[in-house]
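Spelled out from the first residue to the last, the chains are:
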Amino acid sequence: MSFAEYADCIREGDVAIVYLSHDSMMPVKVQRGAQTQTRYGVIRHSQDLIGHKYGSKVSCSKGWVYVLHPTPELWTVSLPHRTQILYTTDISMITMMLELKPGSVVCESGTGSGSLSHAIIRTIAPSGHLHTVEFHAKRAEKVEEEFVEHRVGHLVTVRNQDVCKEGFGVSGVADAAFLDIPSPWDAVVHAKTALKRQGGRVCSFSPCIEQVQRTCAALTDHGFTELCTIEVLLQVHDVRTVSLPLPDFGPDSDTNEEQNQNQSSPASTTTIKTTTTPREIPGHTGFLTFATKPRT
Ligand SMILES: C[S@@+](CC[C@H](N)C(=O)[O-])C[C@H]1O[C@@H](n2cnc3c(N)ncnc32)[C@H](O)[C@@H]1O
C-alpha cells in the first residue's frame, strides 16, 4: 500500500483505515503481533489484518469493522489534528482550479497537518513533486515522518522555514503554488519566484475577507492576472423513508353514489424514499482566491 498507489492485500507496515461507522474511522499502523482496541472489540493484526484483502470485514468480540485501503479523503477524516485542516470540498476545488495532474510540481505552505498535502501528492504522482514549507519545527518533523510511513516520501520535500521570509526554497520550477497561512500577501512574491517562467497558477485560502483583500492587492501588484475569489459550501443530503398524507379529492364522480358510500376509507398516507436537506446551514471554512502568473 501507498497513499499514491493501490494494493490488494494488507501488509505489515501499512497504514490501514479502520471503518467503525460512517462518521468514525481510525488509522492503524499494521504491525505483526500488535493489537488495536476498538469500541467493537480487539483487532489482532497478525490474524485479522496481515494477508487479508483491503475492504474485508473483521469480526470483533462485540461487533465488526471494515478495513479500508487508505486514500487522502479517508486520511482527511481520520488524521491526528495538529492544526485546523482543509477538507475534501475545498481540496477538490483547489485541485481542479490549480490544474494539478500527474507530473505537476507544486509549492505549498503551511503544511499544517498534511491534509491537503496528501491530496496533492496523490494527484501529481508518480512523476510530480510537492515542495511544502512549515515554520513550526515539530509539525514539519511529524508530517515528514507521516509521508515516509505512507510511502510517498519520495514525492515530497518538507522545508522548515518561514515562507514569508525565505520563500519555498525553489525557484522557476513550480506549476502551481498554494498558501494556507495567516498573512498570504507576504508570500505572494515568493510564490511568483517559485513558479515557472512560462507561468502557473496560485491559490490562497483565507477565512476572513480582509485577508482576501490584502492578498488580491498583492497579487495585482506582482502582475498576477485572472483573479477570482470563491467559497464552496457543501450540502449533504440524508436518505430517508417518509410518510406523506394523501390529498382527499372528494367522492369519485365516475362511480355512482351507492358505490361511494360503500367504499371503505382509502389509505390516508403514502410512504416514499426521498432525500432531505440538511437542518443546519453549512458553515464557512474560507475563501479561495485563485490567480494566474502569466508567461514572462
Ligand atoms: C491552517 S494550517 C495548514 C493546514 C493544511 N492546509 C492542512 O490541510 O492540513 C497553517 C499552517 O501554516 C503554518 N504557518 C503559518 N505561517 C507560516 C509561515 N510564515 N511560514 C511557514 N509556515 C507557516 C502554521 O504553523 C500551520 O501549521
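So, here is what we can say about the structure in this document. Just so you know, these numbers come straight off a predicted model, no measurement behind them.

1. With respect to the packing of aromatic side chains
Within a pair of aromatic rings, the relevant descriptors are the distance that separates the centres and the angle that separates the planes.
Then, in step 1: In total, this model carries 3 aromatic pairs according to the counting rule given.
Then, in step 2: When the ring of Trp 64 is compared with that of Tyr 66, the centres are 5.3 Å apart and the planes differ by 70°; the resulting orientation is edge-to-face.
Then, in step 3: Taking relative accessible area as the criterion, Trp 64 reaches 40% and is therefore assigned partly exposed.
Then, in step 4: By relative accessible area, Tyr 66 is classed as partly exposed at 29%.
Then, in step 5: Through a chain of ring-to-ring contacts, the aromatic side chains of Tyr 19, Trp 64 and Tyr 66 assemble into a single cluster.
Then, in step 6: Here the basic side chain of Lys 57 rests over the ring of Trp 64, its NZ or CZ set 4.2 Å away from the ring centre.

2. Some details on the sheet that holds strand E1 (residues 15–21)
Whenever strands of a sheet pair, they do so through backbone hydrogen bonds, lying parallel or antiparallel.
Then, in step 1: Reading across the sheet, the 4 strands line up as E2-E1-E6-E5 and stay open at both edges, with antiparallel pairing between neighbours. The open sheet terminates on both sides in strands that have one partner only, identified here as strand E2 (24–29) and strand E5 (57–60). For this sheet, the mean inter-axis angle between neighbouring strands, taken without regard to orientation, is 30°.
Then, in step 2: Of the pairings in the sheet, the one linking E1 to strand E6 (residues 63–68) comprises 3 bridges and is antiparallel in character. Paired with Ile 17 across the bridge in E6 is Leu 68.

3. Considerations on the side chain of Thr 215
Then, in step 1: Positionally, Thr 215 belongs in helix H8 (residues 209–221).
Then, in step 2: When its relative accessible area of 2% is taken as the criterion, Thr 215 is described as buried.
Then, in step 3: If sequence neighbours within four positions are ignored, Thr 215 has contacts with Pro 184, Trp 185, Val 188 and Ser 204.

Analysis parameters
- Residues numbered from 1 in each chain as written.
- Predicted model: local features only at pLDDT ≥ 70, side-chain atom pairs only at ≥ 80, totals over all residues.
- Heavy atoms only, no water.
- Phe/Tyr/Trp six-rings, centres within 6.5 Å; stacked < 30°, edge-to-face > 60°.
- Buried < 20%, exposed > 50% of the residue type's maximum accessible area, 1.4 Å probe, protein only.
- Lys NZ or Arg CZ within 6 Å of the ring centre and 35° of its normal.
- Pairing = 2+ DSSP bridges.
- Helix = DSSP H or I, 4+ residues; strand = E, 2+ residues; numbered from the N terminus.
- Axes fitted to C-alpha atoms, helices over the stretch in contact; angles between N-to-C directions.
- Contact = heavy atoms within 4.5 Å.

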